[in-house]
Amino acid sequence: MTMIDTDEDRTQRPGIGALFTGFLGLGLMGFGGVLPMARRMMVDDRRWLTAAEFTDLLGLCQFLPGGNIINMSVAVGMKFQGWRGALASIFGIIAAPTAIVICLGAIYDRYRQDPHVEHLFAGLAAAAAGLLVALAWKVMKPLLKKPAALVIVAALFLAIAVLRLPLLATMLVMAPISILLSWRLSR
Amino acid sequence: MSATLIALAVIFTELSLIAFGGGNSVLPEMQRRVVEVQHWVTADEFSALFALAQAAPGPNMMIVPLIGWHVAGFSGLLVSSVAKFLPSSLIACFAVTLWDRFRDRPWRAVVQAGLVPVTAGLVAASAAVITVASVHSWLLAAITGVTAGLSALTRAHPLAVLGLGALAGLLFGGF
């Protein structure tokens, strides 16, 4: 218990300005996955949270709809400084990436007719597709030995990628079935 | 408020509330609505915008402000961002205050485990939809295959993988 107590003592409560600048820096750092960076910033560098608190909060954010890191910025802001903190945190995390992505979009719009630029963007898009294929593989790997889970995966793939059914309706049917299945199997 | 802005608000609010497992799970639905239903951009352009958003730092949902901006300029950017980030953020604010009460309940683990295969199916669908829209030649198929292998089997940095794809496209795209 002593270990945990000293760990708690070392955490510091950030103000609204610190929340904004902390998440602003985080928004500029991470590529393709901000989560490891987020842990370093909040647990190791700024000591806002203990490792256990971070893991617990991540569990919450993975449970909720929306991006993990966006949810986490909101939850951390809310935890320390209420709704003002939540607002400062989410503005911090999306401000710089939004500005950068719009600049890239303007460059794309301006030069897309140029054959070199066209080839460059075609290659970039193909690589982005490759990253998604790898991500899909990583998400599927733990499920390969679970037949019930694979049936759910296949049904969603068929509905969304092949039949192009609306997602909301598909989720309203498939999410309860999948949760029910997970409940039956867990008993 | 124009019809376009209202449509942006409706689409991204809906996506915000059903994005279990993060942004990549709603990518096919976003593409269906933006490309097939609204005809705001072509499937090619959608893939390019997605790739741009992947090449930018930060959370992986940066395609949202980019589409808003592309469709309706600065007001489109504001509307799409607020619609995508506000509803899920309100839920997060609400949930963090209740978290202590439901964290250790058995149903929480059951619901979370039940959503895993749903998210996996959606991410697989995202990969298929974006690959079909992006790959038009043997070269691009090779780029997707190699980058997928690199990313799945090595610890290659995502930005390096994207850079490699862009470079291969630039060098060999003219042939």
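The model shown is predicted, which means the values in this text are computed figures rather than measured ones. (Residues numbered from 1 in each chain as written. Chains lettered and ligands numbered in written order. Predicted model: local features only at pLDDT ≥ 70, side-chain atom pairs only at ≥ 80, totals over all residues.)

A. Focus on the overall build of chain B. Regarding its fold elements, chain B presents seven helices and zero strands. In chain B, the succession of helices and strands from N to C terminus is α-α-α-α-α-α-α. Per-residue burial for chain B yields a buried fraction of 55% across its 175 residues. Restricting the contact set of chain B to residue pairs at least 6 apart, pairs at least 24 apart contribute 55%. (Helix = DSSP H or I, 4+ residues; strand = E, 2+ residues; numbered from the N terminus. Buried ≥ 20, exposed ≤ 12 C-beta atoms within 10 Å, placed from the backbone. Contact = placed C-beta atoms within 7 Å.)

B. Region of interest: the overall build of chain A. When helices and strands are tallied, chain A shows eight helices and zero strands. Traced from its N-terminal end to its C-terminal end, chain A shows the element sequence α-α-α-α-α-α-α-α. In terms of overall size, chain A is more extended than a compact globule, its C-alpha atoms giving a radius of gyration of 21 Å where 187 residues would be expected to give roughly 16 Å. With respect to the principal axes defined by its C-alpha atoms, chain A has extents near 60 × 55 × 25 Å. Expressed as a percentage of the 187 residues in chain A, the buried residues total 43%. Considering only intrachain contacts with a sequence separation of at least 6, the fraction spanning at least 24 residues in chain A is 50%. (Rg over C-alpha atoms; globule rule 2.2 N^0.38 Å.)

C. Focus on the nonpolar core. In terms of nonpolar packing, the biggest core is built from 113 residues, with Ala75(A), Leu124(A), Ala128(A), Leu156(A), Leu52(B) and Leu66(B) touching the most fellow members. In this structure Leu124(A) touches Ala51(B), Ala55(B), Leu162(B), Gly165(B), Ala166(B) and Gly169(B), once residues within four positions along its chain are discounted. (Core = buried A, V, L, I, M, F, W, Y, C linked by C-beta atoms within 7 Å.)

D. Spatial organisation of the domain arrangement of chain A. According to the domain assignment, chain A contains domain 1 (1–111), domain 2 (114–140) and domain 3 (145–187). One C-alpha centre belongs to domain 2 of chain A, the other to domain 3 of chain A; they are set 27 Å apart. (Domains from an automatic or database assignment.)

E. Here's a closer look at the interface of chain A and chain B. Taken together, the contact between chain A and chain B spans 80 residues of the former and 87 residues of the latter. Elements with a minimum of two residues in the side of chain A that touches chain B: α2 (16–29), α4 (51–63), α5 (68–111), α6 (115–140), α7 (147–162) and α8 (167–186) of chain A. For the side of chain A that touches chain B, the leading source of residues is α6(A), giving 24 residues. Partitioning the side of chain A that touches chain B into residue classes produces 61 nonpolar, 16 polar and three charged. (Nonpolar A, V, L, I, M, F, W, Y, C, P; charged D, E, K, R; others polar.)

F. Region of interest: the packing of helix α1 (residues 3–18) of chain B against helix α4 (residues 63–102) of chain B. Residue and element names in this part refer to chain B. At a minimum axis separation of 8 Å, α1 and α4 run at an interaxial angle of 35 degrees. Relative to α4, α1 is oriented so that their crossing is right-handed. A breakdown of the residues in the contact of α1 with α4 according to their chemical character gives 13 nonpolar, eight polar and one charged. (Axes fitted to C-alpha atoms, helices over the stretch in contact; angles between N-to-C directions. Left-handed = near helix turned anticlockwise from the far one by under 90°.)

G. Seen up close, the environment of Lys79(A). Mapped onto the elements, Lys79(A) comes out in helix α5. Residue classification places Lys79(A) among the buried positions, given that 21 C-beta atoms sit within 10 Å.

H. Quick look at unusual backbone geometry. Although it is not a glycine, Arg47(A) sits at a positive phi angle of roughly 55 degrees. Tracing the sequence through the fold places Arg47(A) in the loop between α3 (35–45) and α4. Residues other than glycine seldom take positive phi values, yet His39(B) does so here, at roughly 55 degrees.

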